[in-house]
Structure formats: C-alpha cells, structure tokens
Amino acid sequence: MAAITNTSRSQPGPALIPVDIGHAIYAAVTDPDTAFWALVDKTRLAESLTDGPLLEAYGKEYDNLKRELHGLRFGLKPSGVYLNPTERCNLNCTYCYLPGEQRSSGSHMSQKTLFDSLDALRSYFRSVMGDTERKPRAIFHGAEPLMNRGAIFAAIDQYADDFAFGVQTNGTLLDDSAIEFLTSRNVSIGLSLDGPITNVTDATRLTWAGKSVHDKVVRAMAKLRGYGSWSVITTCSTENLPYLKRMVELFHAAEVPTCMLNAMRCTLPGARGVKPTDGDMVKAFFNALDRSHELYKETGRKLILANFANILLAILAPTARRLMCDISPCGGGRAFFALAADGSLYPCSEFIGLPRFNGGDLLTDGVEAALNSEAFRPVITRNVDAFDPCGSCAIRHFCGSPCPAEAAEMNGGMDKIGAFCDFYKEQVNYALRLIADAKANDYLWDGWDEETETAFSIIN
Ligand code: SF4
Ligand code: SF4
C-alpha cells in the first residue's frame, strides 16, 4: 500500500504535508487543517513544501478555507431522518447491528404513532429548514421496514408533500404491488444483496428458518430495471470478497444505477467474525472498481460505486458529499438522526442496539432535546482532530475516521479509530491517482459538479 504521511505541526498556519499516492509522476500535498490539497510533480516536491508559488498562493486563502471547512464540519443542521417502523426483520444476517431478540420478536410501530411522529418531525424540519423548496429526507430503514408495510405506505401517501421518502429494504418483500406503489410515488429504493450466486449470499443473509433469499432479491432487481431511483448495497465480508468483481458484473448487467460495496460496520460482535482484513478488502474492492470502469468503457453506461464516489467528492467538492460517514463529526445526530420503532431518538440507526445513546422520546421530549442530550453529545462532538492516530493523519478530513459506534464498541471508545483505517487510506490514494490522471469523472454521477464552485485553484 502507498504511504500516507502522519505528522503533527508545532504552530498554526498554512503548512503542507507530502502524501505518497503511489503515482509515477505526482505526489499529493495536503494541509489537513483546511482539507486543502494539491498534486505536485514529485521532482518539485521539496520546493512545494517550503517556499514557492503554491505555498504562497495557498497562504493567502488559508483563513477562508479554514472557515469553510469549519462551517461544513460544525454548521450542519439536520435535513433527514431514518425511520425504523418496526423492530422486526424476516432475516437473521450475521453482521446486523440490531440485537437478534428485537429482530425476531420485537414490535411494530402503530400507524397512529408513525403519523404522530411524522407530524412532530415535519414541525421540527420546518423550524430548521425554513420555507425552502427542498423537502427533508425520510428513509424507512432496518430492521425490515416492509414488515410493517401498511403503516409505511399509508404514511408515504399522507405525507407526500412534506418529505422525500426512501425505503432501505432487504428486498424479500418487494412484490409487484409494493414495487408499483413505491415507483409510482418516486420513492427511492435501496436493496441489499451480498453475493452474485446463491451460496455466497446465503453465507451471511438467510431467513430465521435458514432459507435462502438470493433469488427473491435478484427478481426484485429485475423488476426495478429502468427505474431512476434505486440502488443496491453489498456488505463486504470474508464470505464474499472473492466475488466482488462478479457482483459488479451482475449489477451492471441488471442496470443498477448505483451500488455500494460497503466495508462492514463492526459495531456488534457478530460482524467481527466475518470482518475481512484491510489488505484483502483493498485488493477485492479495487478489482471490482476497476471492473466497473472497464464495463463503463465497453458500454458507455456507468455503475456508480457510491461509497468510493463519496471519497472522490470529499476531495473534489466536500459540500457535494452524498453520504455522511466520512466527515468528522459524522452526520449522525447532525445531518440526520434516527427514530427507533419504540419512539426513541438515536444519532444514527447504527446506535439503536446501544441504549446509552438513546436521546429520549420524540413525542414527549422532542428532537431538540435529543440533539442536546448527553446521549448524543459524544457522537456529535467526536472530532477527528482530537485523538490519535487520526489527529495527525494527513487525510483525516477525507476519511472522517468512521464510525463512532464501531469505535466505541469494537475498540473501547469514541476517541479510538474504527475498523478499516488502511482501507480508507488506500481509497484516498486511489482517488488522488484518478484525479492526477484526469479520470475522476468516470467514477462520479453525471452532473455532480453542476452546483459546486471552485473555492481556490492554482495550476503551475
Ligand atoms: S459513521 Fe457510523 S454513526 Fe456516523 S453516520 Fe456513518 S454509520 Fe452512522
Ligand atoms: S481512520 Fe482515517 S483519519 Fe484515522 S488514521 Fe486512518 S485514514 Fe487517517
């Protein structure tokens, strides 16, 4: 793996740190305090770090860039909510972050409580988002939201003018009528599939009775072909790493617009038993990414790998990020929060199995009370600058050191890193190499830069 330099500085002010990105011609220089970066000819690296036009020009923008990064990191207001309308799930996936007892025999949220909750959430979002045309996002999320289909479909119709709805589902309950209902209302749909063939999916995702669901999800994918707003998540584990390239081939053939090949969150012990090493993850992930690019070149049709695209955006256009795990503090409790099926609020669904992060009841205490609660505080104040080894990492504002839930449960505290540090480093190196070779657009959504503006640019 190419090296990321770790360093700490003795004085505040503009200073550039070299990063070997493994490119034949270019190295990167960054200032982690502002997330400024530049690519420089390796033969001129020394002058870039000391005197010279780059450092001089950057010095003039330092205060602006620092202010902008601070605003991005600490000025966020929630504009979305993850809604858990049930504790139950019909699957028992190995790595799930929700306790098994809740998933097997927990409760549904009643339709009345769901409606009362959406009333309260609508008032809250109006108070922070004002009269903007933009609707807050409301994503029905796991356990398996379609286990409580009647309530969520009624809510989608009742609150159509107030929220932009999405459903993240395991795909097993997406029958024809559910697909017709959701697509006719332009609800975004996220599915989960872990393998290109049955026995790979079956290694981590089975029903409680041990039955395979692979074919059902593939059938749902076939029915969604041509719909504009759907995606598939693959959770990468020891069981499917050798098959990631085939996953990408399957997704591209099925005309999936966007997928995620996610490094699994190791918040609960079940996940840690199938956690790949960083080295294996790097190899398999970039094989799959390269294959997605080959397929794009062969067919002219992109399959966006959203988790990698988000790293590219974190570098190229930080405010255009679509996912909020690689910013610090992360989006949990700041850009969005989660409503559990029992009516309690958590910073992110990742915390729902951890009662000490319960910020209170939506209907009795309200959103503001949760955001200001002691339960949310460690999450929303987790600052990548403030703990080792991240505080001296040159790319800490492109990585964000995810995830606080994982760090707390797996490594003993929020002031620790989570899993997959080396994988994140390699993604940043890879992204910078693509930028050096002017290939980044091939890996991003068309039109990604339409609403962005360049804060500072120097070509020398
Ligand atoms: S880093 Fe973890 S807690 Fe934060 S938004 Fe991502 S999954 Fe949620
Ligand atoms: S977790 Fe991220 S920020 Fe922390 S040291 Fe690793 S790459 Fe850097």
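Preceding block: the structure.
One structure accompanies this document, and this report is about it. In this text, all values refer to a predicted model and were calculated from it rather than measured experimentally.

Focus on helix H11 (residues 278–299)
Phase 1 of the analysis: Here H11 is 22 residues long and its end C-alpha atoms lie 31 Å apart, about the 32 Å a rise of 1.5 Å per residue gives.
Phase 2 of the analysis: Every buried residue belonging to H11 is among Met 281, Val 282, Ala 284, Phe 285, Ala 288 and Ser 292, and all of these are buried.
Phase 3 of the analysis: On its buried face, H11 sits against strand E8 (230–236), helix H9 (244–253), strand E9 (258–263), strand E10 (304–305) and helix H17 (421–436).
Phase 4 of the analysis: Just downstream of H11, Gly 300 is the residue with a positive phi angle, here 80 degrees.

Describing the packing of helix H4 (residues 111–129) against helix H5 (residues 149–158)
Phase 1 of the analysis: Running from amino to carboxyl end, H4 crosses H5 at an angle of 35 degrees, the nearest separation of the two axes being 9 Å. The hand of the H4/H5 crossing is right-handed. When H4 is examined against H5, the residues Gln 111, Leu 114, Phe 115 and Leu 118 are found in contact with a partner set consisting of Gly 150, Ala 151, Ala 154, Ala 155 and Gln 158.

Observations regarding the sheet that holds strand E2 (residues 26–31)
Phase 1 of the analysis: Pairing is antiparallel in the open sheet, where three strands are placed in the order E1-E2-E3. The open sheet has two free edges, formed respectively by strand E1 (17–19) and strand E3 (36–41), since each of these has just one partner strand. Neighbouring strand axes in the sheet, compared pairwise and without regard to direction, differ in orientation by 30 degrees on average.

Side note on the pairing of strand E6 (residues 164–168)
Phase 1 of the analysis: With four of five residues buried, E6 lies mostly within the body of the structure.
Phase 2 of the analysis: Summarising the sheet, strand E5 (residues 137–140) and E6 pair through four bridges and their orientation is parallel. Within the sheet, the bridge partner assigned to Phe 140 lies in E6 and is Val 167.
Phase 3 of the analysis: Between the parallel elements E5 and E6, the chain passes through H5 in a crossover that is right-handed.
Phase 4 of the analysis: In the sheet, E6 pairs with strand E7 (residues 188–192) via three bridges, with the strands oriented parallel. For Gly 166, the partnering residue across the bridge sits in E7 and is Ser 188.
Phase 5 of the analysis: Tracing the backbone out of E6, into helix H6 (residues 176–184) and back to the parallel element E7 gives a crossover that is right-handed.

Some remarks on the packing of H9 against H11
Phase 1 of the analysis: Remark: H9 packs on H11, axes separated minimally by 8 Å, with the N-to-C direction vectors making an angle of 30 degrees. It follows from the interaxial angle that H9 and H11 lie roughly parallel. The crossing of H9 and H11 is right-handed. Between H9, through Leu 244, Lys 245, Met 247, Val 248, Glu 249 and His 252, and H11, the contact on the second element is made entirely by Ala 284, Phe 285, Asn 287, Ala 288, Arg 291, Ser 292 and Leu 295.
Phase 2 of the analysis: For the contact of H9 with H11, the per-class residue count stands at seven nonpolar, three polar and three charged.

Considering the nonpolar core
Phase 1 of the analysis: Residues Val 29, Leu 244, Met 281, Leu 312, Ile 315, Tyr 346 and Ala 431 are the most contacted members of the largest nonpolar core, which totals 135 residues.
Phase 2 of the analysis: With eight residues, H17 is the single largest residue contributor to this core.
Phase 3 of the analysis: Excluding its chain neighbours within four sequence positions, the residues that come into contact with Leu 312 are Ala 431, Ala 440, Tyr 443 and Leu 444.

Here's the deal with the pairing of E5
Phase 1 of the analysis: Inspection of the sheet shows strand E4 (residues 80–83) paired to E5 by four bridges, in the parallel sense. Across the sheet, residue Gly 80 finds its bridge partner in E5, namely Arg 137.

Conventions used here
Residues numbered from 1 in each chain as written. Chains lettered and ligands numbered in written order. Predicted model: local features only at pLDDT ≥ 70, side-chain atom pairs only at ≥ 80, totals over all residues. Helix = DSSP H or I, 4+ residues; strand = E, 2+ residues; numbered from the N terminus. Expected span 1.5 Å × (residues − 1). Buried ≥ 20, exposed ≤ 12 C-beta atoms within 10 Å, placed from the backbone. Contact = placed C-beta atoms within 7 Å. Axes fitted to C-alpha atoms, helices over the stretch in contact; angles between N-to-C directions. Left-handed = near helix turned anticlockwise from the far one by under 90°. Pairing = 2+ DSSP bridges. Right-handed = clockwise from strand over helix to strand, strands pointing away. Parallel < 35°, antiparallel > 145°, perpendicular 65-115°, else oblique. Nonpolar A, V, L, I, M, F, W, Y, C, P; charged D, E, K, R; others polar. Core = buried A, V, L, I, M, F, W, Y, C linked by C-beta atoms within 7 Å.

Spatial relationships are all this shows, so hold off on functional conclusions.
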